Amino acid sequence: MKSKILKSIVLILIVSLFFMCQNTKSKVTKADEKDKLVGVWGPSINENASFRIQPDSIYYPEYFKSYKYTTRKDSIFIHFDGWIFKGIFCFRNDSLVLKTQDKENVYVRIVE
Amino acid sequence: MYNPDEVFETSSGFKLLTSDFLIFVLMPAIQTTTSISRYTSDARAQSYTGEYNPGNPTTWGTCPLCGCSFDSSGNCCCGGVNGCGCQYCGATITCGSTCYCQYWNGGGCHCDNCGTDYDCYSCHDCNSYNGPCYCSTHGISYDCTSCPLCNNSGEGGGGGGTPGENTGLINFGEGINSETVSQITRNILQEVMSCAGITSLRITSTTRTPESQASAMYDNCENLGATNQKDLYANAGDQVIDAYSQGKAQNLSRDQIIQMMISKINEVGPTNVSKHCANPDVLNVIDISPSSISNQGAFENCLASNPGISNFIAPPTDPVFHIEIPQ
């Protein structure tokens, strides 16, 4: 009887621990992913940079302007003048990929 | 079959309902440990088209597109489906459109044939049928017998004439030099607008001169440092920044350094320094505000398919639709 109770408790603890471990891992990964956004990105290393991503803003050198951005999980929201760009970001090797419903933009890292 | 009232009963008499088990044990574990993927429909982001500072209602002000106040949720009424009140005359206009009443009595349209300046809202009727009348305010060329604005806007005006195929409105942002936008470019923009089924767009920038490029680069080097700026440019731009550094090392004045930078820009080729720098007689470069485009997807597809456009860059690579049109 006691052994059955103990087995149940142990089972619940194991399940809980399993999920908690997963949680820690995923949080670290997401934080890392956002940190990885920071840097200078462009179409290639031989061209002018498209933008410099800072912790809370994106600077577009061709336009001499910065825009605020936010992230939520793997989504990125860039607050342009009068509208918000919404897309998904991910990394493919060392490249940054910004995806929308219709297209995918790939940028190489020019500067960390 | 799931039964919330089913009881887990241990042999020690400890009872736990299935529903309790799910609520108190499994669900918290799942909620805190896994990311439940939800589609985040940000209605505000989709509907507002004006400028506002999320989270700070005191800075929302009025919508620059239509002059209306943002609602309590921060939405600009321009993005709504109902009519929007014009800030100038109070007339109900289509949300997101421009109310041309602001040009009443202000002139702004000009007929090349008879040299008459007139209020764009009236229908100018010179004697030159089929001649090239041109509205400098809105960048529209049209048959002089038709009035582009009063026919297109559907509001007031003198009426008369039949609008041609090129009926879209090309608006220019404040301080934009519309003279560098050629007729070829305007015609191509009309084609794109017609293709995409949109009625208006707003140009926010045109071709940049080497002087303005050098001036902006100088200011950035002053504010952020030459090293910081070199991260952002390819070889040609780096040479311009080197010219800045040389000028600073020689203690030259701002004007002298900018002159050195201009010389370097011309030496390496303006288009190699910035895609906004070009000779407008050879290449028209224009930026169009995405917030002025009612259907961005269709617009982008039509830009891609227009043979008159040599290059275009869309958000998020650029914050605007950047378009290059050879002349």
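These notes cover the structure that comes with them. Owing to the predicted nature of the structure, the values given are computational and were not obtained by experimental measurement. (Residues numbered from 1 in each chain as written. Chains lettered and ligands numbered in written order. Predicted model: local features only at pLDDT ≥ 70, side-chain atom pairs only at ≥ 80, totals over all residues.)

1. Focus on the overall build of chain B
In step 1: Along the backbone of chain B there are 10 helices and 13 strands.
In step 2: For chain B, buried positions account for 37% of its 327 residues.
In step 3: If you take every contact in chain B between residues at least 6 apart in sequence, the share linking residues at least 24 apart comes to 48%. (Helix = DSSP H or I, 4+ residues; strand = E, 2+ residues; numbered from the N terminus. Buried ≥ 20, exposed ≤ 12 C-beta atoms within 10 Å, placed from the backbone. Contact = placed C-beta atoms within 7 Å.)

2. Some details on the nonpolar core
In step 1: Counting residues in each nonpolar core, the largest one holds 59 residues, and the members touching the most others are W41(A), Y218(B), V240(B), Y244(B), M261(B) and I288(B).
In step 2: No other element matches helix α8 (residues 254-268) of chain B, which puts 6 residues into this core.
In step 3: If sequence neighbours within four positions are ignored, I288(B) has contacts with L201(B), R202(B), I203(B), T204(B), I293(B), V320(B), F321(B) and I323(B). (Core = buried A, V, L, I, M, F, W, Y, C linked by C-beta atoms within 7 Å.)

3. Some points on the packing of helix α4 (residues 183-196) of chain B against helix α10 (residues 296-305) of chain B
Residues and elements named next belong to chain B.
In step 1: Two elements in contact, α4 and α10, have axes separated by 8 Å at closest approach and are oriented at 130 degrees. Judged by the inter-axis angle, α4 sits oblique to α10. Of the two possible hands of crossing, α4 and α10 adopt the one that is right-handed. Here V192, C195 and A196 of α4 come into contact with α10, specifically with A298, F299, C302 and L303. (Axes fitted to C-alpha atoms, helices over the stretch in contact; angles between N-to-C directions. Parallel < 35°, antiparallel > 145°, perpendicular 65-115°, else oblique. Left-handed = near helix turned anticlockwise from the far one by under 90°.)

4. Let's talk about the sheet that holds strand β11 (residues 283-288) of chain B
Hydrogen bonding along the main chain pairs the strands of a sheet, whether they run parallel or antiparallel.
Residues and elements named next belong to chain B.
In step 1: Strand order in this open sheet of 5 strands is β9-β10-β11-β13-β12, and the pairing throughout is mixed. In this open sheet, the two strands that pair with only one neighbour each are β9 (169-172) and β12 (311-313). Strand-to-strand twist in this sheet, taken as the mean axis angle between neighbours without regard to direction, amounts to 30 degrees.
In step 2: Relative to strand β13 (residues 321-326), β12 runs antiparallel, the two sharing 3 bridges. (Pairing = 2+ DSSP bridges.)

5. Let's talk about α4(B)
All names here are of chain B.
In step 1: Here α4 spans 20 Å end to end across 14 residues, near enough to the 20 Å set by a 1.5 Å rise per residue.
In step 2: Buried within α4 we find T185, R186, L189, Q190, V192, M193 and A196. What you see down the axis of α4 is that its buried residues fit within an arc of 165 degrees, all on one side.
In step 3: Immediately downstream of α4, the backbone of G197 shows phi near 70 degrees, a positive value. (Expected span 1.5 Å × (residues − 1). Arc of directions from axis to C-beta.)

6. Some words on helix α5 (residues 210-224) of chain B
Residue and element names in this part refer to chain B.
In step 1: With 15 residues, α5 should reach 21 Å at 1.5 Å per residue; the first-to-last C-alpha distance of 21 Å fits that figure.
In step 2: Every buried residue belonging to α5 is among P210, Q213, A214, M217, Y218 and C221, and all of these are buried. Looking straight down α5, one finds that the buried residues subtend no more than 135 degrees of arc, so they occupy a single side.
In step 3: The inward-facing, buried residues of α5 abut α6 (226-230), α7 (235-249), α8 and α9 (270-273).
In step 4: Trailing α5 by a residue or two, G225 shows a phi angle of about 95 degrees, which is positive.

7. Describing the sheet that holds strand β3 (residues 57-60) of chain A
Residues and elements named next belong to chain A.
In step 1: Taking strand neighbours around the barrel as the criterion, the 8 strands line up as β1-β2-β3-β4-β5-β6-β7-β8 in a closed arrangement whose pairing is antiparallel. Here the average twist between neighbouring strands, direction ignored, is 35 degrees.
In step 2: In this structure, strand β1 (residues 39-42) lies alongside strand β2 (residues 51-53), joined through 3 bridges in antiparallel fashion. Along β2, the bridge assignment pairs W41 with F51.

8. Quick look at the pairing of strand β6 (residues 83-92) of chain A
Residue and element names in this part refer to chain A.
In step 1: Note that strand β5 (residues 75-80) and β6 share 6 bridges and pair antiparallel. Residue pairing across strands places F80 opposite W83, the latter belonging to β6.
In step 2: The antiparallel pairing of β5 with β6 creates a hairpin that spans 2 residues between the two strands, and G82 there sits at a positive phi of about 80 degrees.
In step 3: Note: β6 against strand β7 (residues 95-99), 5 bridges, orientation antiparallel. Bridge pairing links I88 to K99 in β7.
In step 4: Once β6 ends, the chain turns through 2 residues before running back antiparallel as β7, passing N93 with a positive phi of about 55 degrees.

9. Here we look at unusual backbone geometry
In step 1: The amide bond that connects P315(B) to the next residue, P316(B), takes the cis arrangement and shows omega of 10 degrees.
In step 2: Backbone geometry places N93(A), a non-glycine residue, at a positive phi of 55 degrees.
In step 3: Here N93(A) shows up in the loop between β6 and β7.
In step 4: A positive phi angle, close to 55 degrees, is found at N251(B), a residue other than glycine.
In step 5: Along the chain, the position of N251(B) falls in the loop between α7 and α8.

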